[in-house]
Amino acid sequence: MNKFYQCLICLLCLALTAACSNADRNPDDFVVQISADPDTMNPILSKDSISSSIASYMFDSLLDRDKDTLEMIPELAEKYEISQDGLVYRYYLRKDAKWSDGSPFTADDVVFSFETIMNPKTACAHLKVYYADIKSVKAVTPHIVEYVFSKRYFKALEVSSSMPVLSRKQFGDGADFNTHKENRMPMGTGPYLLKRWDTGRRLVLIRNPYYYGKKPPFSEIIFKIIPDNSIAFQLLKKGEVDIINLRPIQWKRQTDSEKFNKNFYKIKYFQPNYRYIAWNHKKDFFADKEMRKALTMLINRQQIIDKLLFGQAVEVTASFYVKGPDYDSSLQPYPYDPEKAKKIFESKGWKDTDGDGILDKNGKKFSFSFMYAAHSKMSERFATIMKEDFKKSGIEVGIERLEWGSFLKRVDERNFDALILGWSMPFESDLYQVWHSSQIKDGSNHISYSNPELDRLIETVRLELDYKKRTEIYRKIHRIMYEDQPYTFLFCEATLVVLSRRFDNVKVHKTGLDYREWVIRRD
């Protein structure tokens, strides 16, 4: 399943991780560690990377991306046609594709899913923005579906071919879609189906007997909920785990022995993602861009990369993939400069007038709450360092530690002062979802950021089909983000994977690892 939109990263899950009991396991099973329950298994409603990761085993798209060239290639659609004016996209569906209950996959399911996404009552604002310019989706025949756009859109092929599709048979009963009883157990068209979900414990996938493609390598995939990465690492070393996404300290200090490397592959690669500090612009402290710049100057990002991440990350300055062609590397990160930050605070009227060590203005203390997800050890250490460093500059920071579900709820409600999070992105993003001011109320613009010029450029780049011209616009957008500092952009982290050598044919592609091509050793 190709992901074309941005997902909130559950900050322990940048790659597959796995844990299990060696005594009980079937060698043909694969047990994957996740740090929390997914928010839902309905791919239209889900917003986080945990849900997206699990769904990738259960749902195929009309087209997918080639793992190395990134070109769109057939999946549920055997072929496609684009009209000369670039407004009509026709897909010819496989006739052997079925849902996991054996019922046929048809164009009517695609039409139903589009209508569901665009229904004002459906809680998927993060998806609606990508389909707003589609005039119609119709089933020409049971195996031909046609999208008609009202205007040209540079991601039209990707967006139309990657739309999450659900079964009309399962979800078209008229029940409330947002709370539908099947949201926990949706049928899919992919190589696996969801057999059970024990909240707080595990999700179990089994092979889909009606899958049209090559038989997948694992008989079961068990997503086991283990918040503590250290426990998973211990299971890895005992041979009870196949694969784990390491923390930098583990990668640097605990995986260099000859014995370890004899038993495990060590794999490092980068993918489009970044961490950031979100400042809620509705709060007085964060409404002014000069104040946000000053706050950025209080954070020693390079020291955090060196000390907490052991050099396994790269600083970023905007919402673009740092190793991609759209990123403007001429814009250097703001320096760590508490003295300059102090002068900015003073120029905005923030001074310690009562001698208590905390800046104040018009009787109000410079004091705010900083929120992070409980399972992320890195975020916990980051919050502690930030609290101490900000105190030296006269700013009081209270720390809130929340479980992932509660954390996401607060983000969606815009009920926070500041927080640390991450975005997982496609290789070329449509920035509308996160940055356009129309997405403040219900979309992914959680910080309530608004800049009319940025809005205009985002709208312009959507219509531009020439990639070189889009890149020129991206550079203008990058500079605005750099100047406005809507987030404090932190860094893009390397994905650090350790994988058991009981697997052969393990390759690193531009899109990462692909479990479907692995071969289980039988010796």
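Small disclaimer: the values here were computed from a predicted structure and weren't measured.

Colleague: Please explain the layout of surface pockets as it appears in this structure.
Modeller: A water-sized probe rolled over the atoms picks out the places where empty space is left. Reported here for the second largest pocket is a volume of approximately 710 Å³. As for the second largest pocket, its lining consists of 34 residues, of which Asp39, Lys47, Leu408, Lys409 and Asp412 are closest to the centre. Listing elements by their share of the lining of the second largest pocket, those giving two or more residues are helix 3 (125-131), helix 12 (377-392) and helix 13 (404-412). Here the element with the most residues in the lining of the second largest pocket is helix 13; it accounts for 5 residues.

Colleague: Just checking my understanding: could you explain the sheet that holds strand 6 (residues 88-93) for this structure?
Modeller: Hydrogen bonding along the main chain pairs the strands of a sheet, whether they run parallel or antiparallel. Strand order in the open sheet made by the 4 strands is 5-6-8-7, with antiparallel pairing throughout. Where the open sheet ends on each side, the last strands, each with one partner, are strand 5 (77-82) and strand 7 (134-141). Here the average twist between neighbouring strands, direction ignored, is 15°. Pairing between strand 5 and strand 6: 5 bridges, direction antiparallel. Bridge pairing in strand 6 links Tyr80 to Tyr91.

Colleague: Is there a simple way to think about unusual backbone geometry in this case?
Modeller: If a residue is not glycine, its phi is most likely negative; likewise, a peptide bond is most likely trans. The residue Leu70 is not glycine, and still its phi comes out positive at about 70°. If you trace the backbone, Leu70 turns up in the loop between strand 3 (63-65) and strand 4 (72-74). Even without being glycine, Gln485 reaches a positive phi, approximately 45°. For Gln485, the position within the fold is in the loop between helix 16 (467-484) and strand 21 (487-489).

Colleague: Where do I start with the side chain of Ser167 in this structure?
Modeller: Relative to the elements of secondary structure, Ser167 occurs in the loop between helix 4 (156-161) and helix 5 (168-171). Those residues in contact with Ser167 that sit more than four places away from it in its chain are Trp99, Asp109, Phe112, Gly172 and Met187.

Colleague: Looking at this structure, I do not really get the confidence of the model for the protein chain. What am I missing?
Modeller: For residues with low pLDDT, the predicted coordinates do not support detailed interpretation. Looking at the protein chain, the pLDDT average stands at 93 and 95% of residues meet or exceed 70. Every residue in residues 11-21 scores below 50 in pLDDT, and together they form 63 contacts with partners more than four places removed in sequence or on other chains.

Colleague: Looking at this model, I keep getting lost on the pattern of salt bridges. Mind explaining?
Modeller: Any two side chains of opposite charge can pair, given that their charged atoms come close. Scanning the entire structure with this criterion turns up 35 salt bridges. Among the salt bridges present, the one from Arg65 reaches Glu158, with a minimum N-O distance of 3.0 Å. Placement of Arg65 in strand 3 and of Glu158 in helix 4 is noted, with a sequence separation of 93 residues between them. Residue Arg65 is classed as partly exposed on the basis of its relative accessible area, which comes to 24%. For Glu158, a relative accessible area of 6% gives the class buried. Taken together, the shared-partner salt bridges connect Arg196, Asp198, Arg201 and Arg202 into one network.

Calculation criteria
The residue numbering used here restarts from 1 in each chain and proceeds along that chain's sequence as written. Given that the model is predicted, a residue must reach a pLDDT of at least 70 before its local features are reported, and side-chain atom pairs must reach 80 or more before they are shown or counted; all residues, however, enter totals for whole chains, interfaces and linings. The basis for the side-chain values is all heavy atoms of the structure; hydrogens and waters are excluded. Whether a set of points on the 1 Å grid over the protein atoms alone is a cavity depends on a 1.4 Å probe fitting there but being unable to get out, while an open set qualifies as a pocket with protein on both sides within 12 Å along at least five of seven lines; lining residues are those with an atom within 4 Å of a point. Grid points are joined across faces, edges and corners, and a volume is the space filled by probe spheres set on the points. Only DSSP runs of H or I with at least four residues qualify as helices, and only runs of E with at least two residues qualify as strands; both kinds are numbered from the N terminus onward. Two strands qualify as a pair provided that DSSP identifies no fewer than 2 bridges between them. With axes taken as lines fitted to C-alpha atoms, and helix axes fitted only over the stretch in contact, angles between N-to-C directions fall between 0 and 180 degrees. Should any heavy atoms of two residues lie within 4.5 Å, those residues are counted as being in contact. A score from 0 to 100, pLDDT tells how confident the predictor is in each residue. A carboxyl oxygen of Asp or Glu within 4 Å of a side-chain nitrogen of Lys or Arg is what we treat as a salt bridge. Residue burial is assigned from relative accessible area. The probe radius is 1.4 Å, only protein chains are included, and a residue is buried under 20% of its type maximum, exposed over 50%, and partly exposed in between.

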